[in-house]
Every structure is written in C-alpha cells, then in structure tokens.
2 protein chains.
Amino acid sequence: MAVYTEVSDDALRQFLADFAIGELVAFRGIAEGVENSNYSLRTTSGDFILTLYEKRVDPAELPWFLGLMEHLAKRGISCPLPVHGRDGAALRLLCGRHAAITTFLPGVWPRRVQQMHCGPLGTALAALHRAGADYAPVRLNALGPSGWAPLLARSLADAAAVDALQPGLAAELQSALDGILAAWPADLPRGHIHADLFPDNVFFLDGKLSGLIDFYFAATDLLAYDLAVCLNAWCFEPDLAFNVTKARALLRAYGATRPLTEAERAALPVLCQGAAIRFALTRLFDWINTPPGALVTRKDPLEYVRRLRFHLSAPDAHAYGL
Amino acid sequence: MAVYTEVSDDALRQFLADFAIGELVAFRGIAEGVENSNYSLRTTSGDFILTLYEKRVDPAELPWFLGLMEHLAKRGISCPLPVHGRDGAALRLLCGRHAAITTFLPGVWPRRVQQMHCGPLGTALAALHRAGADYAPVRLNALGPSGWAPLLARSLADAAAVDALQPGLAAELQSALDGILAAWPADLPRGHIHADLFPDNVFFLDGKLSGLIDFYFAATDLLAYDLAVCLNAWCFEPDLAFNVTKARALLRAYGATRPLTEAERAALPVLCQGAAIRFALTRLFDWINTPPGALVTRKDPLEYVRRLRFHLSAPDAHAYGL
C-alpha cells in the first residue's frame, strides 16, 4: 500500500496551477512503494508521478535526492526527472507534506528475475555511478556500516524477541557483524550509490532496461557496495540458492562500463556480507517493532540471514563468477 | 492496498499475446479498490485496466458483471468496456485467477464531495438505470434486504463484541432492521443497479462526470434503492450532518432523466434506512471478524449507524429536498 496521504481535489488543482504541465486528466494511487505516497498523474501534456514524502524521509535531505535525480537524468540516465514549478522550485508543499512531480518512466519491473535482466542491470548501475561522479553534494549513508552496530543494538535490546525468530540468532548476527566491520574495506572508490536497487526499482521494456526509480536511499558510499546490494537482491533464487551465472552476467556487464579495481574484486565477499546484514538488520528491527495491527507487510529477516551465511562462506571473488 | 496477486512477466506476456491490443509499455499496481487486484496497463495501443478477481467474487457471476458493463458501455454509459481476446473471450485465467482487461477511463474521483458533483451523479445514475433496462440476465442482490437479517444474525452471534462498539448497539440494529423489513416496499420499479456508487467509483474531469467504475456489487433490485445508496454516500458531510442541498441536486437531476414514481418518492426514507443499515451491517461484520494483523483497513460501522438514525427520523421525501 502506498497511499498514506489523500490529496483533495482543491489541493491538487491548486498544486498543478503552479506548474506548466497542462490540465489534469487522471489521478490514481499507485500500489507500489512503501515509504511515500505515490500517484500516477496524467495531464494534457503527458504522464507524471506525484510523490508526497511521508515521515520516514527527512525533508532536509529531499533537495539532495531531487538534485541527484536531475543530475543523472540530464546525463542520460533513465530515472525520474523532477519537474520544476513556474517559480523554478521542484520541491513543494501539498496537504502538509513535501511533494514533487517527476516524469513517468515506461516499463515493467521483473517479478521473476532472469539471467537476461542481470547484464543490463550491471550496465545501468555502472552508468549511474559514472554519471554521478560530478554531482558534488554528499549524503552520508545512514544505513551504511556505521549504522549497523547501533541498529543491531536496538534490536538486541529485546534479545529474546530476536532469538524467538530463530534460536541463537542474536549471537550469530553480533558475531557476523563484528567480523564484517573488522574487515570492512574503507579505501575503495567512492561515489553516489542507489543503495536499494531491488527488482521493483528497475523497469524493463522489450527486454531492455528502461528506467531506475526510487532514489530515496541513495547516498555517498563505496561504489562496489551498490553491486553487493544487487548481488543480494538479484542473484538468489526463490529457494535462496545463489545463481552464479546471474552474478557473472551482472559483474561482467558492470565491469565493461566501469572496471572494478583489484581491491574491489577482493572485497566482494565482505561487501556482500555487509549488504546482506544491512537488509537483515532493518528487516529484523521492523519485524520486532511492527505492531500486530499495522498496515505494513513485515519482510522476513531470515531470508537475508541465509544470504549472509552464503557470503560468509565465499572465499573470494570466484564465488561470484569472477 | 489492491494488489493481492503478483503477475509474473512470463504470465503477463502470454496473457497479452491472446489480445490484439499491441505491445506492453507499462504495468503498475493500483492502490484503489479493496476486493480485487487492479493493474494499470499501458500498451502501444492505449491504456487499460487489468483486474484479477480475488476470492470475494464468485467466478460464476463474472459473466453477468462483464456482460452488464459491455451492455452499458455500448449504450453510451462511460464505464469500463471489457476487451475481448482474439478468441472472443473477455473473461480469462491469469496466475490462477479469473481476469479481464477493460478500457481505462480518464478522470479523478472526488476526495471531497461538493454540490456540483451531485447533479451529474444523479443524471449518470438515471442514465445507467435506463441503459440497463434491456439487459436481460438477472443477478439477485445478495446484499439486498433478504441478506440483512442473516448478516446481522452472524454479527449478533457475538453480541458482546457488537455492544463493545457502542452499548446497546445490538438491540438498536435489531429493532431498526425489524422496522425496515416490515416497511420495505416490494413493489417499486426494478432493474439493474450499481449498488455501490460511492465517490471513489465516480470520476470527474473538468467538472463533468467522466466515468463510473467497479460494478462488482451490481445486481437486479429496486432502482430507487440505488439512489438511496448515493444519498448515504454523497450527501452527508464529514461531521455526518445531512446536506439537503446536495440531496436535492442529486434527486432533481436523477428525476429529470428518469422521473421517480409517487411510490418511489414516498419510500425514500425507508430505502435510505435500508441502504444505511446495509453498509452498517457489512462494516460491523468485517469489524468483528477482521483479525488484528490483517492488511485491511476496517471501516467504522458507527458512521452508518448515525446515518441510519437520521433516516429513521425523516418523516417523508421532504427531508431529502423533494
């Protein structure tokens, strides 16, 4: 469910009057997305997405996100382009929320990832990293390695609830995290990363990648960590078996546009461990803290614990097809 | 939330191959609607809605609903037109569900009902009733008067839960229902009614009514009962005060296209009582029987109990502006 804020007719009309994008034709809530309210908006001049930013997004960070999308779109990355109002501002207020209109991207996100998706994904991710290189503002990654220990500590405040998911889970996560942080490679190439490039954020059309969306976890961090997120999100089968053929396609295509350094290759296992524990930890926290009546689907943290175990057993980059 | 069934890429491609509506361009879940899974579907030939019918709809009744929509659309009613596959069939299977593609209707449903909406609503409802007159198949109204006593009885099986909502509610509903059923006018003009024409099922564009959607509660019943549903759904303010100006606009516009009989006018109070108790009863049942963790927003039954009290106090059609 992704409509938390209902937009009244008057408010919408008034809001659109501040843009030069024609007259309203249709307006429907979009089911996808869990952080913000998203509407599909059609006007006489085309299709757009209206996003109202809900409370999990810090308004102070919105200019950074919108600026990054605009920067990337203008460099040929197929991502939502913020539409500016007549006064020049893209970030506005609507129904007591920060809100923005962006362009609509055609395409369909893959419900079942196939090998043919992974090459185009790698190419697009590398192109995103290259196009972002001259976007100067920095956003620290709140959900990067420095955030993981505090996140785990908050869940371990109720260690019994953690172990209720699986006996010994609290100790397993603590031990894995200690190892990951001790081995974390601080000195790899940095830049702006998407940090949440799951299949539902990537559109395909006629077998080609047609768009990347949802940049609201983007941050400035290790570029190869973004690849590690994708290896976790795209290269495990539904039974959580790792598909090395998909991984190889992803990494080779990425490397053809932005070659990995030797240090990045060597760090792949620990980067993947970090990406797996990052999603395990946020899911764990949500699992423990989502009240039973909440209108949110809790995602199973154990799926990422199982991915983590795979990466802990990976001796080197060969495990990922390199 | 209105996507219960995820459609895989392969399944969608195969499904669309059975239609002559061009190539897939975009495919997004729609947030609106609570009974079925709805997707906004764009192809190279235009925009459509793909609906997967979930378990609350009896598949045996789908041909009646789709037939009614097709009948109405062909007589100029702006409602979804089922799209036939290459083999002639509109009702098909997809991901283990019955599914259909219908045309997309432009417009926006009014989040805040204004008087200007009520006249066009009345005109459209009367036009719908007239256009449906020569659709021969009949569907009994499972949520019509014969269904209300069993529905109340199922909730009263846990009378304490009913009274927990409001002390004395169980007795109040039983007494009101007895009175309504005793006074129910069996002999008014019948036809096919929408039966659920709430604001979120009616689109407007540039101040004009542009479409009626969601015919999955439609049935063959008293035509004026459909008006009573609309009086309940459109003519109460957020504080539940009855707005007689809106009611008058609705009834006059309806009457200009299909004049009400004297008996229909006289029956308005009891028809409105019936419509109010129908929504009070289904909401009450859902309220009591929705498990705490369910991904469904429970709607407050008491809002319709308060409407019911207004209608019980209405002496005659003058209370509705006639």
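Calculation criteria
Within each chain, residue numbers correspond to sequence positions counted from 1 in written order. Each chain is given a letter, starting from A, and each ligand a number, starting from 1, according to the order in which they appear as written. Under the rules for a predicted model, residues below a pLDDT of 70 receive no local features and side-chain atom pairs below 80 are neither given nor counted, while totals for whole chains, interfaces and linings still include all residues. Helix numbering and strand numbering both begin at the N terminus, where a helix is a DSSP run of H or I of at least 4 residues and a strand a DSSP run of E of at least 2. To get the radius of gyration, use the C-alpha atoms; to get the globule rule, take the number of residues to the power 0.38 and multiply by 2.2 Å. Using C-beta atoms placed from the backbone, we call a residue buried if 20 or more other C-beta atoms fall within 10 Å of its own, exposed if 12 or fewer do, and partly exposed for counts in between. For two strands to pair, DSSP has to find at least two bridges joining them. Between N-to-C directions, angles span 0 to 180 degrees; the directions come from axes that are lines fitted to C-alpha atoms, helices contributing only their stretch in contact. Across the chain, each position has a pLDDT score giving the predictor's confidence in that residue, from 0 to 100. Note on terminology: a nonpolar core is any set of buried Ala, Val, Leu, Ile, Met, Phe, Trp, Tyr and Cys residues joined through C-beta atoms within 7 Å. Each residue gets a C-beta atom placed from its backbone, and two residues are in contact if those atoms lie within 7 Å. Here roughly perpendicular refers to angles of 65 to 115 degrees, roughly parallel to angles under 35, roughly antiparallel to angles over 145, and oblique to all remaining angles. By convention, the crossing between two helices is left-handed when the near helix turns anticlockwise from the far helix through less than a right angle, and right-handed when the turn is clockwise. Three classes are used: nonpolar for Ala, Val, Leu, Ile, Met, Phe, Trp, Tyr, Cys and Pro, charged for Asp, Glu, Lys and Arg, and polar for all others, with Gly counted as polar. What the arc covers is the set of directions going from the helix axis to the C-beta atoms. Where each domain starts and ends follows an automatic or database-derived domain assignment. A helix's residues, less one, multiplied by 1.5 Å, set its expected span.

Caption draft 1: Spatial organisation of the overall build of chain A. Counting secondary structure elements, chain A contains ten helices and nine strands. Against the compact-globule benchmark of 20 Å for 322 residues, chain A has a radius of gyration of 20 Å, which places it among compact chains. The dimensions of chain A, computed from C-alpha atoms along their principal axes, are 60 × 45 × 35 Å. A buried classification covers 41% of the 322 residues belonging to chain A.

Caption draft 2: Seen up close, the sheet that holds strand β2 (residues 37-43) of chain A. Residues and elements named next belong to chain A. Reading across from one edge, β1-β2-β3-β5-β4 is the order of the five strands in this open sheet, with antiparallel pairing throughout. The open sheet terminates on both sides in strands that have one partner only, identified here as β1 (24-29) and β4 (92-94). Geometrically, the sheet is characterised by an average inter-axis angle of 35 degrees between neighbouring strands, direction not taken into account. Alignment of β2 against strand β3 (residues 46-53), held across seven bridges, turns out to be antiparallel. Residue Tyr39 lies in a different strand from β3, and its bridge partner there is Leu50.

Caption draft 3: The sheet that holds strand β2 (residues 37-43) of chain B, seen in detail. Residue and element names in this part refer to chain B. Pairing is antiparallel in the open sheet, where five strands are placed in the order β1-β2-β3-β5-β4. On the outer flanks of this sheet lie β1 (24-29) and β4 (92-94), each paired with one strand and no other. Adjacent strand axes in the sheet meet at a mean angle of 35 degrees, parallel and antiparallel pairs treated alike.

Caption draft 4: Examining the confidence of the model for chain A more closely. Averaged over all residues, the pLDDT of chain A is 93; the fraction at 70 or higher stands at 96%. Prediction confidence for the complex, expressed as pTM and ipTM, is 0.82 and 0.70 respectively.

Caption draft 5: Region of the structure containing unusual backbone geometry. A positive phi angle, close to 75 degrees, is found at Ala195 of chain A, a residue other than glycine. Tracing the chain through its elements places Ala195 of chain A in the loop between β6 (190-193) and β7 (202-205). Phi is positive for Cys95 of chain B, which is not a glycine, with a value near 55 degrees.

Caption draft 6: A look at the environment of Ala161 of chain B. Residues and elements named next belong to chain B. Mapped onto the elements, Ala161 comes out in helix α5 (residues 159-165). Assessed through the 16 C-beta atoms surrounding it within 10 Å, Ala161 is described here as partly exposed. Here the alpha-carbon distance between Ala161 and Leu284, two residues 123 residues apart in the chain, equals 9.7 Å.

Caption draft 7: The arrangement of the nonpolar core in detail. Core analysis: the biggest nonpolar cluster contains 188 residues, and Leu250 of chain A together with Leu250 of chain B have the highest contact counts within it. Here Leu250 of chain A is in contact with Cys118, Leu121, Gly122, Cys230, Leu231, Trp234 and Cys235 of chain A, once residues within four sequence places are set aside.

Caption draft 8: Expanded view of the pairing of β1 of chain B. All names here are of chain B. The buried fraction of β1 amounts to five of the six residues, a majority that puts the element mostly inside the structure. For β1 and β2, the ladder comprises five bridges, and the chain directions are antiparallel. For Leu24, the partnering residue across the bridge sits in β2 and is Thr43.

Caption draft 9: Main features of the packing of helix α9 (residues 262-289) of chain A against helix α10 (residues 302-312) of chain A. All names here are of chain A. Their axes nearest at 8 Å, the elements α9 and α10 cross at an angle of 165 degrees. On the basis of their axis angle, the class for α9 and α10 is roughly antiparallel. In the crossing of α9 with α10, the sense of the turn from one axis to the other is left-handed. Between α9 and α10, the contacting residues are Pro269, Cys272, Gln273, Ala276, Ile277, Phe279, Ala280 and Arg283 on the first element and Tyr304, Val305, Arg307, Leu308, His311 and Leu312 on the second. Residue composition of the contact of α9 with α10, by class: ten nonpolar, two polar and two charged.

Caption draft 10: Looking closely at helix α10 (residues 302-312) of chain B. Residue and element names in this part refer to chain B. Residues Tyr304, Val305, Arg307, Leu308 and His311 constitute the buried set of α10. All buried residues of α10 lie within an arc of 160 degrees about the axis, which places them on one face of the element. Check the buried side of α10 and you find it contacts α6 (169-183), α7 (223-234) and α9 (262-289).

Caption draft 11: Molecular detail of the domain arrangement of chain A. Taken as a whole, chain A is organised into domain 1 (9-103) and domain 2 (115-320). The distance between the C-alpha centroids of domain 1 of chain A and domain 2 of chain A comes to 27 Å.

Caption draft 12: Inspection of the pairing of strand β7 (residues 202-205) of chain B at higher detail. Bridging between β7 of chain B and strand β8 (residues 208-212) of chain B involves four bridges; their strand directions are antiparallel. In the strand pairing of β8 of chain B, Phe203 of chain B is matched with Gly211 of chain B.

Caption draft 13: Broad picture of the packing of helix α6 (residues 169-183) of chain A against α9 of chain A. Residues and elements named next belong to chain A. Relative orientation of the contacting elements α6 and α9 amounts to 140 degrees, with a least axis distance of 10 Å. On the basis of their axis angle, the class for α6 and α9 is oblique. Pair α6 / α9 crosses with left-handed handedness. Taking contact as the criterion, the partners of Leu173, Ala176, Leu177, Ile180 and Ala183 in α6 are, on α9, Val270, Gln273, Gly274, Ile277 and Ala280.

Caption draft 14: Representation of α7 of chain B. Residue and element names in this part refer to chain B. Spanning twelve residues, α7 covers 17 Å between terminal C-alpha atoms, matching the ideal 16 Å at 1.5 Å per step. Of all the positions in α7, only Leu223, Ala224, Tyr225, Asp226, Leu227, Ala228, Val229, Cys230, Leu231, Asn232, Ala233 and Trp234 are classed as buried. Residues of α7 that are buried in the fold lie against α3 (115-131), β6 (190-193), β9 (219-222), α8 (244-257), α9 and α10.

Caption draft 15: The environment of Ala186 of chain B, seen in detail. Looking at the element boundaries, Ala186 of chain B is found in the loop between α6 and β6. Between the alpha carbons of Ala186 of chain B and Leu222 of chain B there is a distance of 8.1 Å; along the sequence they are 36 residues apart.

Caption draft 16: The arrangement of the environment of Ala280 of chain A in detail. Counting through the fold element by element, Ala280 of chain A comes out in helix α9. If we skip the residues at most four places from it in the chain, Ala280 of chain A touches Leu173, Pro301, Tyr304, Val305 and Leu308 of chain A.

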